[in-house]
Amino acid sequence: MSIPFRKKIKRSVTFSDRQIEVIKLWAETDSTAEAANKLGISEHTFLSHLKRLRKKVGVNRTFHVFYHMQQNGVFEGDKNRLGLNFMGSNGSSSKQATTSIKT
């Protein structure tokens, strides 16, 4: 099943360690405030990071940034640790579907 994107995803995108850390915390935490607190930044700054990531990849939703990173092997070293599944039973993307982290 493919995910419908409103914009064409940019294929040759590189991510800094900080950008990867931001998207992982977005996926692992229950709120942007919690993720921002873990990074020691304001929630507004965290949301700005997410906005820039969406623009960089060329998508409208943060989930699509995560999906793009996952599909392109960005989390390769974390595959055993990240037990993230964002696809709901109806095929819709939903962060609340399964965001458990396996340790």
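As the structure is a prediction and not an experimental result, all values here were calculated from the model.

Peer 1: Quick one: what's the story with the packing of aromatic side chains, residue by residue and with numbers?
Peer 2: Per the counting criterion, the structure on display carries one aromatic pair. Judged by centre distance (5.9 Å) and plane angle (35°), the ring pair of F63 and Y67 falls under tilted. Here the residue F63 and the residue Y67 both occupy positions in helix α4 (residues 62-71), the gap between them amounting to four residues, near one helical turn.

Peer 1: Account for the pattern of salt bridges, with residues named and values stated.
Peer 2: Going through the model one piece at a time under the given rule, you end up with one salt bridge. Two residues, R18 and E21, come together in a salt bridge whose shortest N-O distance is 3.4 Å. Taken together, the positions of R18 and E21, both in helix α1 (residues 17-28) and three residues apart, correspond to about one turn of that helix. Look at R18 and you get partly exposed, because its relative accessible area is 33%.

Peer 1: Now, about helix α2 (residues 32-39): what can you tell me, with residues and values included?
Peer 2: Taken together, the buried positions of α2 are T32, A35, A36 and L39. All buried residues of α2 fall inside an arc of 100° around its axis, so they share one side. In α2, the exposed positions that point more than 90 degrees away from the buried face belong to N37 and K38. Of the surrounding secondary structure, the elements contacted by the buried residues of α2 are α1 and α3 (43-57). G40 sits one or two residues past α2 and shows a positive phi near 75°.

Cut-offs used in this document
- Residues numbered from 1 in each chain as written.
- Predicted model: local features only at pLDDT ≥ 70, side-chain atom pairs only at ≥ 80, totals over all residues.
- Heavy atoms only, no water.
- Phe/Tyr/Trp six-rings, centres within 6.5 Å; stacked < 30°, edge-to-face > 60°.
- Helix = DSSP H or I, 4+ residues; strand = E, 2+ residues; numbered from the N terminus.
- Salt bridge = Lys/Arg side-chain N within 4 Å of Asp/Glu carboxyl O.
- Buried < 20%, exposed > 50% of the residue type's maximum accessible area, 1.4 Å probe, protein only.
- Arc of directions from axis to C-beta.
- Contact = heavy atoms within 4.5 Å.

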